[in-house]
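Summary of structural features
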Amino acid sequence: MSLYVASINSGSNGNCYYVGNGTDAVLVDVGISCREVIKRMQRAGLSIQSVKAIFISHEHSDHIRGLRVLSTKYNIPVYINEATIRGGSLYLDSVLIRPFEHAQNISVGELLVTPFRKEHDAADPYSFNISGNGITVGVYTDIGCACQNVVNYFKECHAVFLEANYDEEMLENGPYPFYLKKRISSNKGHLSNAQALELFKNHRSAFLSHVFLSHLSKENNSPQLVKQLFQEQAGDIKIAVASRDNESEVHCISADGLEGNCVVKQGNSENRDASKATTKPALHPKQTSLF
Ligand SMILES: [Zn+2]
Ligand SMILES: [Zn+2]
């Protein structure tokens, strides 16, 4: 019993995250072009036909850039609030708009999505926990601080896309103007490596198996540095950095934390285990993999 996750892009140049159970999937944010989302999903073996809903965290352009075209072209419902639509000057087909509330449990096929409020300098910002098959995956980017909501929902996660935006020293000594440094490091800006690490060290569940470090600053962070920082505290937990330039591989999150126990490919006779047959999702005709 697993969920499949991938970052389609992560960073201030665009965010898009995929979480699915093999049959149904959701995207959180569409901050790169529709065309690029489709290209990258195809490369990763993920089908847009599996995406039954899009959830939007807030109106900053790196989270909504490709939303209108993607949702319209593929007729995908968009969970987004009025203030976010207004703040982003978005023109969406009204039949696709689904408003939501804090802590509401939203069913998307067999998935359950729970939005929760967080601190960020946007009109009405949310992060999301997505659950299915007994697994919970969090998408936590654009977080000014680890507020009580973040802490509480983080404790439920088997896997998380966790913002580690900047190294405090690099930001301090870097080229950004003072006002921008202040904005980024404020309680309504972004989570630093140290803040993300504190959350990870103090509030992770015993079953957290994967951390995908996300929304890294190009100027004020280094993937190697932040990965090393987490790795030192991670034990058996898998640490990966979500790229600013490419899609990630598709990770399979299972209750025992072992990716090897996930059924990753259809059509492979080694995986044709009768006990798993009922959990195998249907394939889109042209797909070579599950997603
Ligand atoms: Zn952002
Ligand atoms: Zn933002």
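Higher on the page you've got the structure.
First, a word on what this report is: a plain description of the structure on this page. In this text the structure is predicted, and so the values were computed from the model without any measurement.

The rules behind each value
- Residues numbered from 1 in each chain as written.
- Chains lettered and ligands numbered in written order.
- Predicted model: local features only at pLDDT ≥ 70, side-chain atom pairs only at ≥ 80, totals over all residues.
- Helix = DSSP H or I, 4+ residues; strand = E, 2+ residues; numbered from the N terminus.
- Buried ≥ 20, exposed ≤ 12 C-beta atoms within 10 Å, placed from the backbone.
- Contact = placed C-beta atoms within 7 Å.
- Core = buried A, V, L, I, M, F, W, Y, C linked by C-beta atoms within 7 Å.
- Pairing = 2+ DSSP bridges.
- Axes fitted to C-alpha atoms, helices over the stretch in contact; angles between N-to-C directions.
- Arc of directions from axis to C-beta.

**Remarks on the overall build of the chain**
When helices and strands are tallied, the chain shows 9 helices and 14 strands. Out of the 291 residues in the chain, the part that is buried amounts to 48%. Put simply, 65% of the contacts in the chain that link residues at least 6 apart link residues at least 24 apart.

**A closer look at the nonpolar core**
With 69 residues, the main nonpolar core has Val26, Ile54, Val137 and Leu213 as its most contacted residues. If you tally residues by element for this core, the top one is strand 1 (residues 2-9), at 5 residues. Ignoring any residue separated from it by four or fewer positions in sequence, one finds Leu213 in contact with Leu162, Ala164, Val226, Lys227, Phe230, Ile239, Val241 and Ala242.

**So, the sheet that holds strand 9 (residues 126-132)**
What the 7 strands build is an open sheet, ordered 7-8-9-10-11-12-13; its pairing is mixed. Every interior strand has two partners, whereas the edge strands, strand 7 (106-108) and strand 13 (238-241), have only one. Taken pair by pair, the neighbouring strands of this sheet meet at an average axis angle of 20 degrees, ignoring direction. Across the face of the sheet, helix 9 (residues 223-234) comes into contact with strand 12 (210-214) and strand 13 while running at roughly 170 degrees to strand 13.

**Observations concerning the sheet that holds strand 3 (residues 25-28)**
Spatial strand order, 6-5-4-3-2-1-14: 7 strands in an open sheet with mixed pairing. The sheet is open, and its two edges are formed by strand 6 (97-98) and strand 14 (251-254), each paired on a single side. The pairing of strand 1 with strand 2 (residues 16-20) spans 5 bridges and is classified as antiparallel. If you follow Ala6 over to strand 2, its bridge partner there is Tyr18.

**Observations regarding the environment of Leu213**
Inspection of the secondary structure puts Leu213 in strand 12. The spacing of Leu213 and Ala240 is 27 residues in sequence and 6.1 Å in space, taken between C-alpha atoms.

**Section: helix 3 (residues 67-74)**
Taken together, the buried positions of helix 3 are occupied by Leu67, Leu70 and Ser71. Along helix 3, the residues classed as buried sweep out an arc of 90 degrees about the axis, all on the same side. If you follow the buried residues of helix 3, they end up packed against helix 1 (34-44), strand 4 (51-55), helix 2 (61-64) and strand 5 (78-79). Of the residues trailing helix 3, Asn75 is marked for its positive phi of about 55 degrees.

Geometric descriptors of this kind do not, in isolation, establish any biological role.
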